[in-house]
Amino acid sequence: KLPYAEPYRIKMIEEIHQSTKEQRIQLLKNAHFNLFNLRSSHVYIDLLTDSGTGAMSDNQWSALMSGDESYAGSRSFEALHETVKNLTGFPYLLPTHQGRAAENILFSVLVKEGNVVPGNSHFDTTKGHIEMRKAHAIDCTIDKAFNVDDLHPFKGNIDLAKLENVYLNHPKEEIPFCLITITCNSSGGQPVSLENIKAVKKLSDQYGIPVYFDAARFAENAYFIKTREAGQENKTIKEIAKEVFSYGDGMTMSSKKDGLVNIGGFIALNNEKVFQEASNFTIIFEGFITYGGMAGRDMAALAVGLNEATEFDYLESRISQVEYLGKKLIEYGVPIQKPIGGHAIFIDALKFLPHLKREEFPAQTLGLELFKEAGIRAVEIGTLLADRDPETRENRYPKLELLRLAIPRRTYTNNHMDYIAAALRNVFDRRNDIKTGYKITWEPAILRHFTVKLAEV
Ligand code: F0G
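Remember, predicted model here, so these are calculated numbers, not experimental data. (Residues numbered from 1 in each chain as written. Predicted model: local features only at pLDDT ≥ 70, side-chain atom pairs only at ≥ 80, totals over all residues.)

### Things to note about the overall build of the protein chain
Part 1 of the argument: The helix and strand tally for the protein chain stands at 16 helices and 14 strands.
Part 2 of the argument: The globule rule puts the C-alpha radius of gyration for 457 residues at 23 Å, and the 21 Å found for the protein chain is close to it.
Part 3 of the argument: Here the C-alpha coordinates of the protein chain stretch approximately 60 × 55 × 45 Å along the principal axes.
Part 4 of the argument: Within the protein chain, the fraction of its 457 residues that count as buried is 51%.
Part 5 of the argument: Of the contacts made within the protein chain by residues no fewer than 6 positions apart, 70% connect residues no fewer than 24 positions apart. (Helix = DSSP H or I, 4+ residues; strand = E, 2+ residues; numbered from the N terminus. Rg over C-alpha atoms; globule rule 2.2 N^0.38 Å. Buried ≥ 20, exposed ≤ 12 C-beta atoms within 10 Å, placed from the backbone. Contact = placed C-beta atoms within 7 Å.)

### Observations concerning the nonpolar core
Part 1 of the argument: Among the nonpolar cores identified, the biggest contains 132 residues, and Ile180, Ile345 and Ile347 are the most heavily contacted of them.
Part 2 of the argument: The dominant element in this core, judged by the number of residues it contributes, is helix 11 (residues 296-309), at eight residues.
Part 3 of the argument: Shared between two domains, this core takes at least three residues from each, and those domains are domain 1 (21-50 + 312-456) and domain 2 (58-309).
Part 4 of the argument: Leave out the neighbours within four places in its chain, and Ile180 touches Gly119, Asn120, Ile158, Val192, Ile197, Val200, Val211 and Phe213. (Core = buried A, V, L, I, M, F, W, Y, C linked by C-beta atoms within 7 Å. Domains from an automatic or database assignment.)

### A word on the packing of helix 4 (residues 99-110) against helix 5 (residues 124-131)
Part 1 of the argument: The geometry of helix 4 relative to helix 5 is characterised by a closest axis approach of 10 Å and an angle of 30° between their N-to-C directions. Our classification of the angle between helix 4 and helix 5 gives roughly parallel. Handedness of the helix 4/helix 5 crossing: right-handed. Only Thr125, Thr126, His129 and Ile130 of helix 5 make contact with helix 4, whose side of the interface consists of Arg100, Glu103, Asn104 and Phe107.
Part 2 of the argument: Partitioning the contact of helix 4 with helix 5 into residue classes produces two nonpolar, four polar and two charged. (Axes fitted to C-alpha atoms, helices over the stretch in contact; angles between N-to-C directions. Parallel < 35°, antiparallel > 145°, perpendicular 65-115°, else oblique. Left-handed = near helix turned anticlockwise from the far one by under 90°. Nonpolar A, V, L, I, M, F, W, Y, C, P; charged D, E, K, R; others polar.)

### Describing the pairing of strand 12 (residues 402-406)
Looking along a regular strand, one sees the side chains alternate between the two faces of the sheet.
Part 1 of the argument: Most of strand 12 sits inside the fold, with five of its five residues counted as buried.
Part 2 of the argument: Along strand 12, one buried face is formed by Leu402, Arg404 and Ala406 and the opposite face, lined by Leu403 and Leu405, is buried too.
Part 3 of the argument: Inspection of the sheet shows strand 9 (residues 344-348) paired to strand 12 by five bridges, in the antiparallel sense. The residue of strand 12 that forms the bridge with Phe346 is Arg404. (Pairing = 2+ DSSP bridges.)

### Some remarks on the domain arrangement of the protein chain
Part 1 of the argument: Parsing the protein chain into structural domains produces domain 1 (21-50 + 312-456) and domain 2 (58-309).
Part 2 of the argument: Centre-to-centre separation of domain 1 and domain 2, based on C-alpha positions: 26 Å.
Part 3 of the argument: With 24 residues of domain 1 at the interface, the matching set in domain 2 holds 25 residues.
Part 4 of the argument: Taken together, the elements giving at least two residues each to the side of domain 1 that touches domain 2 come down to helix 12 (312-331) and strand 9.
Part 5 of the argument: At four residues, helix 12 tops the list of elements feeding residues into the side of domain 1 that touches domain 2.
Part 6 of the argument: Classifying every residue of the side of domain 1 that touches domain 2 gives 15 nonpolar, four polar and five charged.

### What to know about the UniProt feature "domain: Aromatic amino acid beta-eliminating lyase/threonine aldolase" (unreviewed entry) in the protein chain
Part 1 of the argument: The UniProt entry lists residues 46-422 under the feature "domain: Aromatic amino acid beta-eliminating lyase/threonine aldolase" (unreviewed entry), expressed in the numbering used here.
Part 2 of the argument: For residues 46-422, the helix share is 44%, the strand share is 12%, and the end-to-end C-alpha distance is 16 Å. (UniProt positions renumbered as here; feature names shortened; annotations may be inferred.)

### Some points on helix 10 (residues 272-285)
Part 1 of the argument: In this model, helix 10 (14 residues) spans 20 Å end to end at C-alpha, consistent with the 20 Å of a helix rising 1.5 Å per residue.
Part 2 of the argument: Within the span of helix 10, buried status applies to Val274, Phe275, Ala278 and Thr282.
Part 3 of the argument: If you follow the buried residues of helix 10, they end up packed against strand 2 (92-96), helix 4, strand 7 (250-254) and strand 8 (265-269).
Part 4 of the argument: Once helix 10 finishes, Gly287 follows within two positions and takes phi at roughly 150°, a positive value. (Expected span 1.5 Å × (residues − 1).)

### Focus: helix 9 (residues 237-246)
Because an α-helix completes one turn every 3.6 residues, residues spaced three or four positions apart along the sequence face the same direction.
Part 1 of the argument: Residues of helix 9 that are buried include every one of Ile237, Ile240, Ala241, Val244 and Phe245, and no others. On an axial view of helix 9, the arc spanned by its buried residues comes to 130°, and they lie on one face.
Part 2 of the argument: Where helix 9 is buried, its residues meet helix 3 (75-88), helix 7 (194-207), strand 6 (211-214), helix 8 (218-228), strand 7 and helix 12. (Arc of directions from axis to C-beta.)

### Topic: the environment of Met132
Part 1 of the argument: Within the secondary structure layout, Met132 lies in the loop between helix 5 and strand 4 (136-139).
Part 2 of the argument: Counting along the chain gives 258 residues from Met132 to Pro390, while the straight-line C-alpha distance between them is 9.6 Å.

### Side note on the environment of Lys11
Part 1 of the argument: With respect to the helices and strands, Lys11 occurs in the segment before helix 1 (21-30).
Part 2 of the argument: For Lys11, a count of 9 C-beta atoms within 10 Å corresponds to the exposed category.
Part 3 of the argument: Spatially, the C-alpha atom of Lys11 lies 8.3 Å from that of Asp58, the residues being 47 residues apart in sequence.

### Let's talk about the UniProt feature "modified residue: N6-(pyridoxal phosphate)lysine" (unreviewed entry) in the protein chain
Part 1 of the argument: Using the residue numbers shown here, the UniProt feature "modified residue: N6-(pyridoxal phosphate)lysine" (unreviewed entry) corresponds to Lys257.
Part 2 of the argument: Non-local contacts of Lys257, meaning those with residues more than four positions away in its chain, are made with Asp50, Ser51, Ala216, Arg217 and His343.

### Let's talk about unusual backbone geometry
Part 1 of the argument: Note the cis peptide between Ile182 and Thr183, where omega equals -20°.
Part 2 of the argument: Here Thr183 is to be found in the loop between strand 5 (178-181) and helix 7.
Part 3 of the argument: Here Lys338 and Pro339 are connected by a cis peptide whose omega angle stands at -10°.
Part 4 of the argument: Residue placement: Pro339 occurs in the loop between helix 12 and strand 9.
Part 5 of the argument: Although it is not a glycine, Phe361 sits at a positive phi angle of roughly 60°.
Part 6 of the argument: Relative to the helices and strands, Phe361 resides in the loop between helix 13 (349-352) and helix 14 (362-374).
Part 7 of the argument: Of note, Asp387 is a non-glycine position whose phi angle comes to about 65°, a positive value.
Part 8 of the argument: Mapped onto the elements, Asp387 comes out in the loop between helix 15 (383-386) and strand 12.

Here it is as structure tokens:
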């Protein structure tokens, strides 16, 4: 068998620049030790996020040129609507400017004060939109997800007993829906199995609770179903995705991930009444219902991107690159979340820096060391991200303290992966010299990790 290689070649490049260690130390001080405050021109390899950072194809750029900018009823909306209907089966579509805007609109319709929204490790903006409405997100992810060495192939799965407990302990009126995030970003880019999705649907039907998807990485989730779940190997990605969505009432989408575009999102729905109410909020918050905050050209590029993202060859090359980096790190002894997930490598900072106190933010400390070492920007998925409890205002210590290396789609080569792995090996070799972490000098009320200011302890 021949080795696999990317199913595309490079037509355009963007220069990136290396800096010196001395420069990087100063840059971090100027940034109050918050990697979000760095200029991208000071970053050599940017693994902050896989969101909106991918490379579009020539076909997408062509679609961009033919976008229809009509305020109402544009051809580009029609193209997107057709694509979304074909991929998901949901008849109603509302474009939004990105995923969190889709959350804002859908939750404006469905989530009320005092509600509970069970799901598998809700993403931070999702949780933010729930908590902003004085409702609660209840994490029902299987316990195995929180053991980084457990090789369960679907660590994004929902624990049915935990979910049923929520259904038993709250009246139906308090539970607007169950939210399945595919793949589950917060627990490590881990997939949810088709079997689990079916079971969640069945249980939720018994209690009369709708099921919605946060589908930002639905194509990567479908790839894992095809490659890891017995009986699914002969289905296409598109067939799997459609079956997945058939078990839900609707979805929110951040198109910046598996839409393969730089900006955009949408809501797709089965229920006409929810669609009508959501349409009102779309008009107020985003724009008319046939563009919802997106340019016609961006909808046109998204329609193409959704089809490309659900091609097996693309997904194989994408996920194999993440795996390539992960395997190198495992070889070097760096503790990472296993099995390797879809869009990112998650380093276990509590194992990497076990001597650091939890309140000194070990994952953030590791991220800062990695930038110092090699100009690589990763992101903390740990205590900073977990925010404070809205009632007690105490730090919430999540079960895992992770540093995420998110890999943009179709953007970096495996040489970059080698460089990242070598940099992490260097930091790993000197881990015992990293004796202290960081403390907060300023923070906002919610979503603090974006703007928090830190100082060395
Ligand atoms: N849901 C999930 C699972 C996400 O990962 C994100 C964004 C969103 C919703 C919100 O979408 O950014 O388009 O408003 N995740 C990015 C990340 C920011 O880096 O993981 P958005």
